Amino acid sequence: MGNEDDLQRCTVRLNVASSQGTGFFVAPNWILTCAHVVESAKDNPVQVFWKAGNQYYTAKVTQLYKYPLDLALLQLYEDCLDHPCVELDDTKPNTNDDLYIFGYPKNSEVDYSQGDSASFKYEGISFKQDIILYKLKQGQVISGFSGSPLLNLLTGKVCGIVHLSRDDDSDLGGRAVSAQVIVKQFPDIALLNQQFHQPKPKDDNPFEYGLPVSPQRFYGRRKEILEIKNRIGTISPQCVNLVGLRRNGKTSLLRYIRERISEFCSLEQKPLVVFLDLTNRNFHTPEGIIEGLRRGIHKLTGNFPWLKEDNEDGFAVEDGLQLLVDEGYRLIILLDEFEAIASKKDRLELFQDWGEDWRSKASAGLLTMVIASKRPLNEVYETLSLGSPFANIFSTTILGTLEEEAWQSIIQKGFPPNSAVLQWVDELAGGLPYYVQMAGAMLWQNRNQEIAKNEFNFQAKPRLEELWKDLTQVERLALRYELGRGNLPIPDLAIVDKLQRHGLLRKNGGLFSSVFAEFVKSQR
């Protein structure tokens, strides 16, 4: 596995009610800890904080062995496939080997909930009944370190799990359950651990573009995520219009919300998240959307909130939604690709009554909407000479470029830190996620920047044509003005601000991509 930093990236903080302890990833989506850390959870979910990824999860206890084993195995409810795992070593350390732990200790006197380290010397073997323990000295084990992985600095592997302290108030050390016991008790997990650390092929392209990404491969958007959390996760939830041009990550973010809802709402709020892709022809009528919502609620709760024949009965639907509220649920509806029902005036008019009805339900606290669209909802309606039924109940969150750290992390999936590579990607992609992934993929495939750029030009052209088609004439003129094309008027500051928010213009001037700039120059 490696060194102390590698170990830290494998650890998680576990919270059950008011108690706190430590666990660690032992296989993809599997966490090992001590039984006494999580036994009070019983059948309730355990709160998991992965510090290295700055992510919150929930997990269920799948196996628990009390005294004398004191081991528990947890499985994440949501997949998190991009986390590292410790490498188990069931060989016994040598006397006086240097050992290291990282955990999240907390008691009435200290609080290191963001993590703390401790080091020890291996003193020798110890037995509790027939359970093999490792005895540690010259280090302090305090409350909250229980469940921490024990790293042998000589081998770079984990040889045990911290189990108890010999004295909370001194550096007498502690005891750890040996990896021998772990491997014997959890043979299937031990096999997964071995498979995780087998050499992996080096020729797999780590970059992907075109399809929405899973939460495990989602990067950045911290500001946007916080904005959405502060709307749908508040005491009185509010609706959000998620706005972004084509391929700016709207669907990926909606998927992130659905699969990581614990980051947006507390367990006490009992969120129910229903996702409807409006490109699905089943949802091209208001009745279809109502039926999709009915089925979505059933999938989450096991109960239909109203009968299918009552879909057009407004009272029955409202009663079903009110019952969910009365039971403590918070219904959050994610509507993707809003333009699918708003591309033509006659189609959107069909949904006018539906929009007014759902606005009323949202205002009454029966549901909360997150609607993804290329343009703000009021613009969508104004373009078709219609009045928006959603006025004043939606805030707008625009998806533009990724944070610099985020898009650079994407590139470093496939390349070691290299300022020249990052500068090359920035010139082509400007931080927009789709083009960052495309640039990385082209460079990975071709291993030559000139060839990769030519391939990028070829692959990006159809997407840039779609993007250009989606822009208004005023926005196109503003982009041309930035390139110094012809005798054009100075664009309105509001238009410039909008283009910057969408990531098409850089804050310091110029178009987001040199390839896009050449494309704009070629347009008549």
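What this report covers is the structure whose coordinates are included nearby. (Residues numbered from 1 in each chain as written. Predicted model: local features only at pLDDT ≥ 70, side-chain atom pairs only at ≥ 80, totals over all residues. Heavy atoms only, no water.)

### Concerning unusual backbone geometry
Residues apart from glycine generally show negative phi values, whereas peptide bonds are mostly found in trans. Of note, the amide linkage connecting Tyr67 to Pro68 takes the cis form, showing an omega dihedral of 10 degrees. Among the secondary structure elements, Pro68 is positioned in the loop between strand E5 (55–65) and strand E6 (71–76). In this structure, Lys42 is a non-glycine residue whose phi angle is positive, near 55 degrees. The backbone of Asn96 shows a phi angle near 70 degrees, a positive value even though the residue is not glycine. Of the residues examined, Asn96 reaches a relative accessible area of 41% and is grouped as partly exposed. (Helix = DSSP H or I, 4+ residues; strand = E, 2+ residues; numbered from the N terminus. Buried < 20%, exposed > 50% of the residue type's maximum accessible area, 1.4 Å probe, protein only.)

### Concerning the pattern of salt bridges
Any two side chains of opposite charge can pair, given that their charged atoms come close. Applying the stated rule across the entire model yields 24 salt bridges. One salt bridge in this structure joins Glu208 and Arg217, with 2.2 Å as the shortest N-O distance. Overall, Glu208 belongs to the partly exposed group, its relative accessible area being 28%. Put simply, Arg375 and Glu475 hold a salt bridge, and the shortest N to O gap is 2.7 Å. Here the residue Arg375 occupies a position in the loop between strand E17 (368–373) and helix H11 (377–383), and Glu475 occupies one in helix H16 (residues 473–482), the gap between them amounting to 100 residues. (Salt bridge = Lys/Arg side-chain N within 4 Å of Asp/Glu carboxyl O.)

### So, the environment of Gln75
Mapped onto the secondary structure, Gln75 falls in strand E6. Taking C-alpha positions, Gln75 is 17 Å from Pro215, a pair spaced 140 residues apart along the chain. The contact partners of Gln75, leaving out residues within four places of it in the chain, are Asn29, Trp30, Thr58, Ala59, Lys60 and Thr62. (Contact = heavy atoms within 4.5 Å.)

### Description of the packing of H16 against helix H17 (residues 493–501)
Taken N-terminus to C-terminus, the directions of H16 and H17 make an angle of 85 degrees; their axes are 10 Å apart at the nearest point. As summarised for this structure, H16 and H17 are arranged roughly perpendicular, according to the angle between their axes. Where H16 abuts H17, its residues Val474, Glu475, Ala478 and Leu479 lie against Ile495, Lys498 and Leu499. The residue makeup of the contact of H16 with H17, split by class, is five nonpolar, no polar and two charged. (Axes fitted to C-alpha atoms, helices over the stretch in contact; angles between N-to-C directions. Parallel < 35°, antiparallel > 145°, perpendicular 65-115°, else oblique. Nonpolar A, V, L, I, M, F, W, Y, C, P; charged D, E, K, R; others polar.)

### Looking at the sheet that holds strand E3 (residues 30–33)
Around the barrel, six strands lie side by side as E1-E2-E3-E6-E5-E4; this closed barrel has antiparallel pairing. For this sheet, the mean angle separating the axes of adjacent strands, direction not counted, is 40 degrees. As judged from the six bridges shared by E5 and E6, these two strands associate in the antiparallel manner. The residue of E6 that forms the bridge with Lys60 is Gln75. Of the strands in this sheet, strand E2 (19–27), E3 and E6 touch helix H4 (residues 187–196), which is tilted by about 60 degrees from E2. (Pairing = 2+ DSSP bridges.)

No statement about biological role is implied by the geometric values presented.
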